[in-house]
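Architecture at a glance
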Number of protein chains: 2
Amino acid sequence: MTDHSSTVLPNIPKSNYPKVVIIGAGFAGLKLARDLMNKPFQVILLDKNNYHQFQPLFYQVATAGLEPSAISFPLRKVFHKSTNVIFRMAEVDYFDQKIKRVYTNVGYLDYDHLVLAMGADTNYFGSKSIEAAASPMKSVSEALFIRNKIISNYERAINIEKAEDRKALMNVVIVGGGPTGVELAGAMADLRNNVLPKDYPELNFHNMKIVLIEAGPTLLAPMSKEAKDSALKYLLKLGVEVMLDTMVKNYDGKEVTLEGKAPIETHTLLWAAGIKPVQIGGLKDQHFAPNGRILVNEQSEIVDCPEVYALGDVSLMKTEDYPNGHPQVAQVALQQAKNLGFNLIQKQKGKGTKPFAYKDLGSMATVGRKLAVVDLPFIKFQGVMAWLTWLFVHLMAILGVKNKLFIFLDWSWNYLSFDPSLRLLIKPKIAKGKDPQELMEEQ
Amino acid sequence: MTDHSSTVLPNIPKSNYPKVVIIGAGFAGLKLARDLMNKPFQVILLDKNNYHQFQPLFYQVATAGLEPSAISFPLRKVFHKSTNVIFRMAEVDYFDQKIKRVYTNVGYLDYDHLVLAMGADTNYFGSKSIEAAASPMKSVSEALFIRNKIISNYERAINIEKAEDRKALMNVVIVGGGPTGVELAGAMADLRNNVLPKDYPELNFHNMKIVLIEAGPTLLAPMSKEAKDSALKYLLKLGVEVMLDTMVKNYDGKEVTLEGKAPIETHTLLWAAGIKPVQIGGLKDQHFAPNGRILVNEQSEIVDCPEVYALGDVSLMKTEDYPNGHPQVAQVALQQAKNLGFNLIQKQKGKGTKPFAYKDLGSMATVGRKLAVVDLPFIKFQGVMAWLTWLFVHLMAILGVKNKLFIFLDWSWNYLSFDPSLRLLIKPKIAKGKDPQELMEEQ
């Protein structure tokens, strides 16, 4: 392989407009690129995947409710009609703010404005053993991995004679009581209660535990008391064991040990306990908050780092209303991107910019196949209506008419048939002689 | 791991009925299991995957027209309402006809009747180098691998400066002029002509060759002259280079060498040139024809091997009408399975059996997005009507209402939008620290 860091990224058309390089095509990066589409900039959007991933529905891929393609959107397609946005599948190593250059695995490129929007990855809080054995869910691939792992566990459990020996394969433990953990737990409980017993009549699913572990005193910490209480009530009704105020000490792939409580046998520990910002080289220690987020001003500019911006999960903007920064959610990323897009266009016109002001549109989480909790600015509600609201909001947020249509049909089908019927253990074929399933089972 | 060959496969319910073990859940194995559903047998269906694969549409998965799940059907679901069919995901090593026992990677099991229906795998005719570098397409996983490889080639090509150096990444060579090769070539040409230029405006797709290589003098050898001629005409019109009477000598992953012709640069050699039966241990040399197919009588019984049968692609049944055996196609597999099912039930009742009689329902192949060739017993036709016939027949043959519905919608969408929009390079996440993409690129 050539050393790409020393060659310029080829095939970028010449342009007289200022060059905006955006790193990451998550909610923030994609929104900004779309807002700058056909505006007086040359926009180069970089991502390690060639598709945008709709994170709020990862848990449905993991629990066989949706196919990966339904919640992944090809980035090139978004910009078919654009004259100024260029996409490249690339991994960024670092940038050099002195010469305004970004170095990637496929070549370097120069920028006038650089936007860091790499998002966040799973945070194991320093535990190497948990990182090695637990399953994270911060990408479509990871969600698919979880699905394959769970199906493969049952296909294995059925060949084990004693019920006692099957426990660890059947139990699922989820760590983290945020929306991801709550939604995963609810969907897993639905699978156990309604789908798996039909597929594996030989196994007794009363023996299968689904445990949701949260270090704090409540589920869905930032939501209203009504939402927290209802979510807990719904999960208990679905048969999820909820353990609050519980710290995970360790996990070796077979047993989770807890602080002050009995250990739980499981081959499947789903880790949704925390996130940490993705980092690239180029910034100094002073640019980061202690939690690794990049400090930005109310224009999303990185202090002392001219023409470099950070958006969404990687950034930390302290404001009067949010002295510790905004929550790391899609809405913040989208709104920050929108504000930065506006400011860049204003500056280009020689007009004034405006500081970011977060408009909290509320939050919601679904629990199982027909309940949810919703906190809107002026109203809070729970139950079936909340669930319908959740469905509608997420369907509308999905990019593309086809994805919307197919997800709507999938959801309708699953709801009416009570049977996702996506329980396919499709082993990705990799290189010859290497069976990924074996690699997986080596874990 | 325990040595499973020495332990009995657990959790098989006790039954007083004769035990039929079926190896392979392709067209033949699945059909037989369905025909024996709720009949006086205990049926144990074994397959290395937990889903049935609809082979005729693999090429659409490879060319991003359909998702893997659309043409894969979970086997456990098929038997939800059965009282006597048990599925196990297992790989069979061998069987011992003296003690009537099958040995698998998850335990052994005893049979009264054993049915070999393992199907066929890719045949490289002894070339190790081609086997190492070419891409086969005999499973959904392999089809998905081809799709990822092709998309990844373009994502790489775009980062190469000189058009000359991109050729090998852009060209696609398909070997084998049977229906698979013809359908792949047509679908690839459609992608090149209509979809890829929109996604990669920087690349010049006039430089991309699609070459279809066939060793014999015609495409679609067993079909009518009208079908052959039309298929060739349609492919040429789509811009496919068709090379007949051409033998592939070698392939090193970058260049295909041909006998007596100039070599072709390509990173993508799709090998659809031949198949060979999948073998398991337990039979003697005398049971096989020189081409590796298992010799059976007109009852699908293996000669001198009581209560062991072979169906479909693995078998060779010489009859008056088919002195060299039947073609290795889905219809033969399905009809043989039907006949064996009937005979097993008849024998059980103490009634007479009947020999297999193949009813040729005709054959068809599609070329690109709106043309096909169809040979039915009493009529041959080509063109758009043939294409509509092809669509209808394949849609009806697909298992399950949901799969039918979703494929129908996918096809309608793709036809109307001229844009499959499934161009997602979703890298399967395997074990930590191992990036399958890297493995793939090492090839």
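Residues numbered from 1 in each chain as written. Chains lettered and ligands numbered in written order. Predicted model: local features only at pLDDT ≥ 70, side-chain atom pairs only at ≥ 80, totals over all residues. Heavy atoms only, no water.

Overview of the overall build of chain A
Spelled out, the test is: Helix and strand assignments come from DSSP, with helices taken as H or I runs of at least 4 residues and strands as E runs of at least 2, each series counted from the N terminus. Under the scheme applied here, a residue whose accessible area is under 20% of the maximum for its type counts as buried, over 50% as exposed, and between as partly exposed, the area being computed with a 1.4 Å probe on protein chains only. Contacts are assigned to residue pairs that have any heavy atoms within 4.5 Å of one another. Every accessible area reported is derived by Shrake-Rupley at a probe size of 1.4 Å, with residue values counting cover from the shown protein chains alone.
In terms of regular secondary structure, chain A is built from twelve helices and 24 strands. Counting only C-alpha atoms, chain A reaches 70 × 60 × 45 Å along its principal axes. Here chain A holds 443 residues, and the buried ones make up 58% of them. Within chain A, counting contacts between residues at least 6 apart in sequence, those at least 24 apart form 64% of the total. Counting only carbon and sulfur atoms, one obtains 55% of the accessible surface of chain A, whose full area is about 18,600 Å².

Side note on the UniProt feature "domain: FAD/NAD(P)-binding" (unreviewed entry) in chain A
Filter applied, for reference: UniProt positions are given in the numbering used here, feature names are shortened, and annotations may be inferred rather than shown by experiment.
UniProt's feature table lists "domain: FAD/NAD(P)-binding" (unreviewed entry) at residues 19-337 of chain A, given in the numbering used throughout. Secondary structure over residues 19-337 of chain A splits into 29% helix and 26% strand, and the C-alpha atoms at its two ends are 17 Å apart.

A few points about helix H7 (residues 179-199) of chain B
Residues and elements named next belong to chain B. Which entries qualify depends on this criterion: Every helix has an expected span of 1.5 Å times one less than the residues it contains. One axis fitted to the seven residues ending at a residue, another fitted to the seven starting there: the angle between these axes is the bend at that residue.
The terminal C-alpha atoms of H7 lie 28 Å apart, and with 21 residues this matches the ideal 30 Å at 1.5 Å per residue to within 8%. Along its length, H7 shows its largest kink, about 45 degrees, at Arg 192. Among the 21 residues that make up H7, 15 are buried, leaving the element largely enclosed by the rest of the structure.

Quick word on the pairing of strand S12 (residues 210-213) of chain B
All names here are of chain B. Worth spelling out the cut-off: Two strands are said to pair when DSSP picks up at least two bridges between them. When the strands point away from the viewer, a crossover counts as right-handed if the path from the first strand over the helix to the second runs clockwise.
By the alternation rule, side chains of S12 split into Ile 210 and Leu 212 and Val 211 and Ile 213, which are all buried. Direction of pairing for strand S11 (residues 172-175) relative to S12: parallel, over a ladder of four bridges. Paired with Val 175 across the strands is Ile 213, a residue of S12. Note that the unit made of S11, H7 and S12 has a crossover that is right-handed. Judged from the three bridges that link them, S12 and strand S13 (residues 241-243) form a sheet pairing that is parallel.

A look at the side chain of Thr 319 of chain A
Residue and element names in this part refer to chain A. To keep things clear, this is the line we draw: We call two N or O atoms a polar contact when they sit within 3.5 Å, provided that within protein one can donate a hydrogen and the other can accept it, with sequence-adjacent residues counted only if both atoms are side-chain atoms.
Mapped onto the elements, Thr 319 comes out in the loop between strand S21 (315-317) and helix H9 (330-348). With relative accessibility at 12%, the residue Thr 319 sits in the buried group. Among the polar contacts made by the side chain of Thr 319, one reaches the main-chain amide nitrogen of Tyr 322 at a distance of 3.0 Å. Not counting residues within four places of it along the chain, the set of residues in contact with Thr 319 comprises Glu 298 and His 326.

Concerning helix H6 (residues 163-170) of chain B
Three or more residues of H6 of chain B are buried, namely Arg 166, Ala 168, Leu 169 and Met 170 of chain B. For H6 of chain B, the elements touching its buried residues are helix H5 (140-157), S11 and strand S16 (261-265) of chain B.

Section: the side chain of His 52 of chain B
Residues and elements named next belong to chain B. Relative to the helices and strands, His 52 is located in strand S3 (residues 51-53). Only 2.8 Å separates the side chain of His 52 from the backbone oxygen of Ala 25, close enough to count as a polar contact. The residues touching His 52, leaving out its near neighbours within four places in the chain, are Ala 25, Gly 26, Phe 27, Leu 30, Ile 71, Ser 72, Phe 73, Leu 75 and Leu 399.

Section: the sheet that holds strand S12 (residues 210-213) of chain A
All names here are of chain A. Let me state the cut-off plainly: To define axes, lines are fitted to C-alpha atoms, for helices over the stretch in contact only, and angles between the resulting N-to-C directions are given on a 0 to 180 degree scale.
Read across the sheet, four strands follow the order S13-S12-S11-S17 without closing on themselves; strand pairing throughout is parallel. The sheet terminates laterally at strand S13 (241-243) and strand S17 (268-271), the two strands that pair on one side only. Put simply, the sheet's adjacent strands are angled 20 degrees from each other on average, direction ignored.

Considering unusual backbone geometry
Trans peptide bonds make up most of the peptide bonds, and negative phi angles are found at most residues other than glycine. Positive phi is not limited to glycine here, since Glu 307 of chain A has a value of about 65 degrees. In this structure, Glu 307 of chain A sits in the loop between strand S19 (294-296) and strand S20 (308-310). Phi is positive for Ala 64 of chain B, which is not a glycine, with a value near 65 degrees.

Some thoughts on the confidence of the model for chain A
As a reminder, the rule being used: The pLDDT value tells you how sure the predictor is about a given residue, anywhere from 0 up to 100.
Mean pLDDT over chain A: 91, with 93% of residues reaching 70 or higher. Low confidence marks residues 430-443 of chain A, where pLDDT is under 50. Its contacts with residues over four positions away, or in another chain, come to 37 contacts.

Side note on the environment of Val 85 of chain A
All names here are of chain A. Topologically, Val 85 is positioned in strand S5 (residues 85-89). For Val 85, a relative accessible area of 9% gives the class buried. Along the chain, Val 85 and Gln 42 lie 43 residues apart, while their C-alpha atoms are 6.3 Å from each other. Apart from residues lying up to four places away in sequence, Val 85 is in contact with Ala 33, Met 37, Val 43 and Phe 79.

As for the domain arrangement of chain A
All names here are of chain A. Defined as follows: Note: domain ranges come from an automatic or database domain assignment. Summed over both partners, the accessible area lost on bringing two parts together, with a 1.4 Å probe, is the buried area. Salt-bridge detection follows one rule: a side-chain nitrogen of Lys or Arg within 4 Å of a carboxyl oxygen of Asp or Glu.
As far as domains go, chain A holds domain 1 (4-121 + 276-348) and domain 2 (128-274). Spacing between the C-alpha centres of domain 1 and domain 2 amounts to 33 Å. With 17 residues of domain 1 at the interface, the matching set in domain 2 holds 15 residues. With both sides pooled, the region where domain 1 packs onto domain 2 buries about 1,400 Å², and carbon together with sulfur makes up 63% of that total. Our count for the domain 1 to domain 2 interface comes out at one salt bridge.

Structural notes on the sheet that holds strand S15 (residues 255-258) of chain B
Residue and element names in this part refer to chain B. Across the sheet, three strands lie side by side as S14-S15-S16; this open sheet has antiparallel pairing. With partners counted over all chains shown, the strands left at the sheet margins are strand S14 (248-251) and S16, one partner each. Adjacent strand axes in the sheet meet at a mean angle of 20 degrees, parallel and antiparallel pairs treated alike. Summarising the sheet, S14 and S15 pair through three bridges and their orientation is antiparallel. Along S15, the bridge assignment pairs Asn 250 with Thr 257.

Thoughts on the packing of helix H11 (residues 401-417) of chain A against helix H11 (residues 401-417) of chain B
This is how the line gets drawn: Throughout this description, any angle smaller than 35 degrees is read as roughly parallel, any larger than 145 degrees as roughly antiparallel, any in the 65 to 115 degree range as roughly perpendicular, and the remainder as oblique. Under the convention adopted here, Pro, Cys and the residues Ala, Val, Leu, Ile, Met, Phe, Trp and Tyr are nonpolar, Asp, Glu, Lys and Arg are charged, and Gly plus all remaining residues are polar.
Relative orientation of the contacting elements H11 of chain A and H11 of chain B amounts to 170 degrees, with a least axis distance of 12 Å. By the angle class used here, H11 of chain A and H11 of chain B are roughly antiparallel. For the pair H11 of chain A and H11 of chain B, contact is made by Val 401, Lys 402, Leu 405, Phe 406, Leu 409, Asp 410, Trp 413 and Asn 414 of chain A and by Val 401, Lys 402, Leu 405, Phe 406, Leu 409, Asp 410, Trp 413 and Asn 414 of chain B, respectively. Looking at the contact of H11 of chain A with H11 of chain B residue by residue, the class counts come to ten nonpolar, two polar and four charged.

Quick notes on the packing of helix H1 (residues 27-35) of chain A against H9 of chain A
Residues and elements named next belong to chain A. Under the convention used in this document: Helix crossings fall into two classes, left-handed where the near helix is turned counterclockwise from the far one by less than a right angle and right-handed where it is turned clockwise.
Contact geometry of H1 with H9 gives a least axis separation of 8 Å together with a crossing angle of 30 degrees. Judged by the angle between their axes, H1 and H9 are roughly parallel. At the point where H1 passes H9, the crossing takes the right-handed sense. Taking contact as the criterion, the partners of Phe 27, Ala 28, Lys 31, Leu 32 and Asp 35 in H1 are, on H9, Ala 330, Ala 333, Leu 334, Ala 337, Lys 338, Leu 340, Gly 341 and Ile 345.

Brief notes about a nonpolar patch on the surface
Applied cut-off: Distance thresholds for patches are 9 Å for like charges and 5 Å for nonpolar side chains (Val, Leu, Ile, Met, Phe, Trp, Tyr), applied to residues having over 30% relative accessible area and no salt bridge.
Together, Val 384, Met 385 and Leu 388 of chain A line one region of the surface with nonpolar side chains, adding up to about 280 Å² of accessible area. Within the secondary structure, Met 385 of chain A is located in helix H10 (residues 384-397).

What to know about the packing of aromatic side chains
Counted only if it meets this: Any two rings among Phe, Tyr and Trp, with Trp reduced to its six-membered ring, count as a pair given centres within 6.5 Å; such a pair is stacked if its planes are under 30 degrees apart, edge-to-face if over 60, and tilted if neither. Criterion for a charge above a ring: Arg CZ or Lys NZ at most 6 Å from the ring centre, at most 35 degrees from the ring normal.
Per the stated rule, a full pass over the model turns up 21 aromatic pairs over all chains. Arranged with centres 6.4 Å apart and planes meeting at 25 degrees, the rings of Phe 356 of chain A and Tyr 358 of chain A form a pair that is stacked. Look at Phe 356 of chain A and you get buried, because its relative accessible area is 6%. Assessed through its relative accessible area of 14%, Tyr 358 of chain A is described here as buried. Among the aromatic residues, those joined into a cluster by ring pairs are Tyr 59, Trp 390 and Trp 411 of chain A. A cation over an aromatic ring shows up here: Lys 354 of chain B above the ring of Phe 342 of chain B, its NZ or CZ 4.4 Å from the ring centre.

Focus on the pairing of strand S7 (residues 101-104) of chain B
Residue and element names in this part refer to chain B. Note: strand S6 (residues 92-96) against S7, four bridges, orientation antiparallel. Bridge assignment links Asp 96 to a residue of S7, and that residue is Arg 101. One ladder, built from four bridges, connects S7 with strand S8 (residues 107-110); its direction is antiparallel. What sits directly across from Arg 101, in S8, is Asp 110. Hairpin geometry of S7 and S8 is characterised by an intervening segment of two residues between the two adjacent antiparallel strands.

Looking at the pattern of salt bridges
Residues and elements named next belong to chain A. Summed over all chains, the structure comprises 18 salt bridges over all chains. Between Glu 307 and Lys 100 there is a salt bridge, with the nearest N and O atoms lying 3.4 Å from each other. Taken together, the positions of Glu 307 in the loop between S19 and S20 and Lys 100 in the loop between strand S6 (92-96) and strand S7 (101-104) put the pair 207 residues apart, joining distant regions of the chain. You can call Glu 307 partly exposed: its relative accessible area is 32%. We classify Lys 100 as partly exposed; its relative accessible area is 23%.

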